[in-house]
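Chain by chain, the residues:
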Amino acid sequence: MAAPPEGFRYLPGLLGPDAQAALVAALRCIAGEAPLYRPAMPKSGRPFSVRMTNAGSHGWYSDKETGYGYIGRHPGTGQPWPAIPPALLALWREVSGYPADPECCLVNVYAPEARMGLHRDEDEDTFAAPVVSLSLGDSAVFRIGGPTRRGPTTSLKLHSGDVVVLAGTARLAYHGIDRILGGSSRLLPPHEWGGGGRINVTLRRVTRPPEETS
Ligand code: MD6
Ligand code: FE
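Residues numbered from 1 in each chain as written. Chains lettered and ligands numbered in written order. Predicted model: local features only at pLDDT ≥ 70, side-chain atom pairs only at ≥ 80, totals over all residues. Heavy atoms only, no water.

Student: So what exactly am I meant to see when it comes to the overall build of the protein chain here?
Tutor: Looking only at helices and strands, the protein chain features two helices and 12 strands. Tracing the protein chain from N to C terminus, the helices and strands come up as β-α-β-β-β-α-β-β-β-β-β-β-β-β. Against the 2.2 N^0.38 benchmark of 17 Å for 214 residues, the protein chain shows a C-alpha radius of gyration of 16 Å, consistent with a compact globule. Across its three principal axes, the protein chain shows a C-alpha extent of roughly 45 × 40 × 35 Å. For the protein chain, the share of sequence-separated contacts (at least 6 apart) that also reach a separation of at least 24 residues comes to 74%. Total accessible area computed for the protein chain in this model is approximately 9900 Å², and 54% of it derives from carbon and sulfur atoms. Of the side-chain charges in the protein chain, 22 are positive and 20 negative, and the distance between the mean point of each set is 7 Å. (Helix = DSSP H or I, 4+ residues; strand = E, 2+ residues; numbered from the N terminus. Rg over C-alpha atoms; globule rule 2.2 N^0.38 Å. Contact = heavy atoms within 4.5 Å. Areas by Shrake-Rupley, 256 points an atom, 1.4 Å probe, with all protein chains shown as cover. Lys, Arg positive; Asp, Glu negative; His and termini not counted. Charge placed at Lys NZ, Arg CZ, Asp CG, Glu CD.)

Structural data, given as structure tokens:
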């Protein structure tokens, strides 16, 4: 175990039950327009256990050929991504401390068996903006380390309504989801999201805005 890096903020229960339910409804609309897809690892083509979709001008995507990165349209429908819901823009303005709005709202959908390996969010053109993350549905074991994959890590449980901010040094820290505590929440209707589970929303700035002074 190690203390979480500088710039890591954990805001437990920032969103109450009504706000969580309203966001699930907004995410249902997004997934209706921009269907969930399963990204694949660069080179190996190994599929992720997590399904994803996006809102905003930039959507995060990965497949065998293109690798990790952002695209302006849904890979299946070819349509632009839906708009980021106003409640999520409000959350970003409240907690990010950053002068420009996010461009990507990545929606990660975890079935109870899904996981996310240790990674850094490093596909953006600016790291001065934090990444703001919101958990909905089942609780999950989140692990965060430091700037190298091998260093010591700290684990904490993220529950529905919790918000995590990765800013400063933590912005480029390795992190991942070790496991989902299946059945720990009743927020997500099981028939709709493929087995209940968990939704994680991350808000990111992708391009460097004029407001960002060097
Ligand atoms: C998750 N979260 O909570 C995965 N990335 O399902 C992330 O990968 C993440 O929570 C950047 C910043 C905060 C995060
Ligand atoms: Fe991440």
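Having seen the model, we can carry on.
Student: Help me understand the nonpolar core in this model?
Tutor: In terms of nonpolar packing, the biggest core is built from 29 residues, with L88, L91, L134, I199 and L203 touching the most fellow members. Only α1 (17–33), α2 (86–95), β5 (104–110), β7 (131–137), β10 (163–166) and β12 (198–204) provide two or more residues apiece to this core. Those residues in contact with L91, other than ones at most four positions away along the chain, are L14, L15, V132, L134, V163 and L203. Y37, A140, A170 and V206 belong to the second largest nonpolar core, which has 27 residues in total. (Core = buried A, V, L, I, M, F, W, Y, C linked by side-chain atoms within 4.5 Å. Buried < 20%, exposed > 50% of the residue type's maximum accessible area, 1.4 Å probe, protein only.)

Student: Would you mind going over the pattern of salt bridges with me for this structure?
Tutor: Once the charged atoms of two side chains with opposite charge are near each other, the side chains can pair. Going through the model one piece at a time under the given rule, you end up with nine salt bridges. Measuring nitrogen to oxygen at the nearest pair gives 2.8 Å for the salt bridge that ties D121 to R204. Taken together, the positions of D121 in the loop between β6 (116–119) and β7 and R204 in strand β12 put the pair 83 residues apart, joining distant regions of the chain. In this pair, the class of D121 matches that of R204, namely buried. Each of D121, E124, R171 and R204 takes part in one network of salt bridges that share partners. (Salt bridge = Lys/Arg side-chain N within 4 Å of Asp/Glu carboxyl O.)

Student: Any chance you could explain the coordination of the iron ion (ligand 2) here in plain terms?
Tutor: Tetrahedral coordination by four donors places them ideally at 109.5 degrees to one another around the metal; octahedral coordination by six donors ideally gives 90 or 180 degrees. Bound to the iron ion (ligand 2) are the protein donor atoms H119 (NE2), D121 (OD) and H175 (NE2), situated 2.1 to 2.2 Å from the metal. Linear spacing of the donor residues for the iron ion (ligand 2) on their chain is H-x1-D-x53-H. The class of H119 is partly exposed, set by a relative accessible area of 22%. (Donors = N, O, S within 2.8 Å, 3.2 Å for Na, K, Ca; no water.)

Student: What is the right way to look at the site of ligand 1 in this model?
Tutor: Neighbouring ligand 1 are the residues Y110, H119, D121, V131, S133, F142, L166, H175, I177, R198, N200 and T202. Within the side chain of H175, an N or O atom sits 2.7 Å from a nitrogen atom of ligand 1. Between ligand 1 and N200 there is a distance of 3.1 Å, counted from an oxygen atom to a side-chain nitrogen or oxygen. Here ligand 1 loses 99% of its free accessible area of 340 Å² to cover by the protein chains. Looking at the shell around ligand 1, the elements with two or more residues in it are β7, β11 (175–181) and β12. The dominant element in the shell around ligand 1, judged by the number of residues it contributes, is β12, at three residues. (Near = heavy atom within 4 Å. Polar contact = N/O pair within 3.5 Å; in protein donor to acceptor, adjacent residues only side chain to side chain.)

Student: Sorry, what's going on with the environment of L89 here?
Tutor: With respect to the helices, strands and loops of the structure, L89 is situated in helix α2. The spatial distance from the C-alpha of L89 to the C-alpha of L203 is 8.6 Å, given a sequence separation of 114 residues. Not counting residues up to four positions away in its chain, the partners in contact with L89 are I84, D101 and P102.

Student: Before we go on, may I ask you to explain α1 in this structure?
Tutor: The periodicity of an α-helix, 3.6 residues per turn, causes residues three or four positions apart to be oriented the same way. In this model, α1 (17 residues) spans 25 Å end to end at C-alpha, consistent with the 24 Å of a helix rising 1.5 Å per residue. Here α1 has its buried residues at Q20, L23, V24, L27, I30 and A31. The buried residues of α1 occupy an angular sector of 120° when projected down its axis, which confines them to one face. In α1, the exposed positions angled more than 90 degrees off the buried face are occupied by D18, C29, G32 and E33. In this structure, the buried side of α1 is in contact with β2 (51–56), α2, β5, β7 and β12. (Expected span 1.5 Å × (residues − 1). Arc of directions from axis to C-beta.)

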